[in-house]
Amino acid sequence: MIKYLSANYIFPVSTEPLKDGVVSVNDKGEITKVFDRDAAESITDPIEKHEGIIVPGFINSHCHLELSHLHQSLPKGQGLISFVNAVLKERQAEDAVITAAMKKADKMMFDNGIVAVGDISNNILSKKVKQESKLYYHTYVEMMGFNPEKAEEAFEQGLALKEQFYPLPASVTPHSAYSVSKELFKNFRNYSEGKDNLFSLHNQETEEENKLYRYKTGAFLEFYQSMGLDVEFFKPQARNSVQSIIPLLPKDQKILLVHNIYTSLKDIYFVRRFGRDITWCFCPNANLYIENRLPKLDMFLPHDFNITIGTDSLASNDKLSVLSELVTLQKSFPAIPLTTTLKWATLNGARFLGIDAELGSIERGKKPGLNLITDTQGVKLSEKSSIKRLV
Ligand SMILES: [Zn+2]
């Protein structure tokens, strides 16, 4: 049985928006055809007509399912280091509590039209939820270790955890420039040689990270001290963090840099010149939650970069909704059209995860999931826009 769906606009993402377009889909959720208004006149079967915009299922490029139980418990606007300290202090809870919160978060993402997630994990707890979920999950097993003497040990532990996630798709990744030693970065480079291993790093989420790398000053020094870590070994690099770590990352792997709030124009040119396979992931609502500041998106736009969208976790977001991230972007960067931000939120994320043969755009043969965005204003979103899953 073929269903015909129409709305004021269809955004296939891989091609231009279609005013009054129609998309046909079979029982399995597979797109059988996309019609523009003229071609749709030949359809003799009934057409289900909606008010709004039909878009493919969203890809959430950055989440931490295992922090879901911290929903609405950490204060806003305190800056990243306070936030990290609070997470470290508050994240302990009973497995049952964490699992129940993860299930709820998974359902929230489903209801908000998300079909795939790049999820950071530091332990195995999320495996069962992911296995039972209707969503596709890629797990980034994340490692930390700023003490160079502990690099081997940290890496072995991380690899063992990655094995535990089998058969779910998983890779190992460094957490950030401020939490991973040069030695540990080298372990990642050696390990990923000759195999596919998606990287996802938190990047420049606070200006303190740049201060640490440029001058060895700032709040991270107190942070290390409070953890009992002597950072005598660390030498200031006289340049921003991202410029210091890019050369440590492998050439032939896809690398997601997440947040990028304090990335400078100079950093962008440096990254361009260095020829790594970089995708930039933005999580605007989490940035407002933690740092009360947004990345300078305008600087990234002229470079034809790969860009994706993430929600981050419920510890730093009121909800897990890619649409809500798009509404925030439209409010803060009204000149960026929905066709652009929607591509970040769908096809680009699917490409990064290597699942774009099936997901990310409305094209014949794909099973991307279909969302209706309601309360739109022409080809723009409104504060009231919400999601209805059609397929
Ligand atoms: Zn994160």
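Please refer to the structure higher up on the page.
Residues numbered from 1 in each chain as written. Predicted model: local features only at pLDDT ≥ 70, side-chain atom pairs only at ≥ 80, totals over all residues. Heavy atoms only, no water.

(A) Spatial organisation of the overall build of the protein chain. Scanning the protein chain from N- to C-terminus turns up 15 helices and 17 strands. Here the C-alpha radius of gyration of the protein chain, 21 Å, is about what a compact globule of 391 residues would show, namely 21 Å. Over its C-alpha atoms, taken along the principal directions, the protein chain stretches across nearly 75 × 45 × 45 Å. When the accessible surface of the protein chain is split by element, carbon and sulfur atoms take 49% of a total near 17,000 Å². Within the protein chain, one finds 46 positive and 48 negative side-chain charges whose respective centroids are separated by 2 Å. (Helix = DSSP H or I, 4+ residues; strand = E, 2+ residues; numbered from the N terminus. Rg over C-alpha atoms; globule rule 2.2 N^0.38 Å. Areas by Shrake-Rupley, 256 points an atom, 1.4 Å probe, with all protein chains shown as cover. Lys, Arg positive; Asp, Glu negative; His and termini not counted. Charge placed at Lys NZ, Arg CZ, Asp CG, Glu CD.)

(B) Focus on helix H10 (residues 265-274). Residues of H10 that are buried include every one of Asp267, Ile268, Phe270 and Val271, and no others. The buried residues of H10 occupy one face: seen down the axis, they fall within an arc of 160 degrees. In H10, the exposed positions that point more than 90 degrees away from the buried face belong to Lys266 and Arg273. Of the surrounding secondary structure, the elements contacted by the buried residues of H10 are helix H9 (241-245), strand S14 (277-282) and helix H12 (297-300). One or two residues past the end of H10 sits Gly275, with phi positive at roughly 65 degrees. (Buried < 20%, exposed > 50% of the residue type's maximum accessible area, 1.4 Å probe, protein only. Arc of directions from axis to C-beta. Contact = heavy atoms within 4.5 Å.)

(C) Up close: the side chain of Ser382. Considering the arrangement of structural elements, one finds Ser382 in the loop between strand S16 (370-373) and strand S17 (387-389). The buried category is assigned to Ser382, whose relative accessible area is 12%. Setting aside its immediate chain neighbours within four residues, Ser382 contacts Val327, Asp375 and Gln377.

(D) Representation of the pairing of strand S11 (residues 170-174) in the model. Counting buried residues along S11, five of its five residues qualify, which places the element largely inside the surrounding structure. The two faces of S11 match: Ala170, Val172 and Pro174 on one face and Ser171 and Thr173 on the other face are all buried. Here strand S10 (residues 136-143) pairs with S11 via five bridges, running parallel. Note on S11: the bridge partner recorded for Tyr140 is Ser171. Handedness of the β-α-β unit built from S10, helix H5 (residues 151-165) and S11 comes out right-handed. (Pairing = 2+ DSSP bridges. Right-handed = clockwise from strand over helix to strand, strands pointing away.)

(E) The arrangement of the pairing of strand S4 (residues 22-25) in detail. Across the two faces of S4 the burial is the same, with Val22 and Ser24 and Val23 and Val25 all buried. For strand S1 (residues 3-6) and S4, the ladder comprises four bridges, and the chain directions are antiparallel. In the strand pairing of S4, Lys3 is matched with Val25. As defined by bridge partners, S4 adjoins strand S5 (residues 31-35) across four bridges and the pair is classed as antiparallel. The residue of S5 that forms the bridge with Val22 is Phe35. The turn linking S4 back onto S5 is made up of five residues, and Gly29 within it adopts a positive phi angle of 85 degrees.

(F) Main features of the coordination of the zinc ion. Coordination of the zinc ion by the protein comes from His62 (NE2), His64 (NE2) and His202 (NE2), over a distance range of 2.0 to 2.2 Å. In terms of primary sequence, the donors binding the zinc ion are separated according to H-x1-H-x137-H. Residue His62 is located in strand S8 (residues 58-63), and its partner His202 is located in strand S12 (residues 199-203); the two are separated by 140 residues in the primary sequence. One exposure class covers both His62 and His202, and it is buried. (Donors = N, O, S within 2.8 Å, 3.2 Å for Na, K, Ca; no water.)

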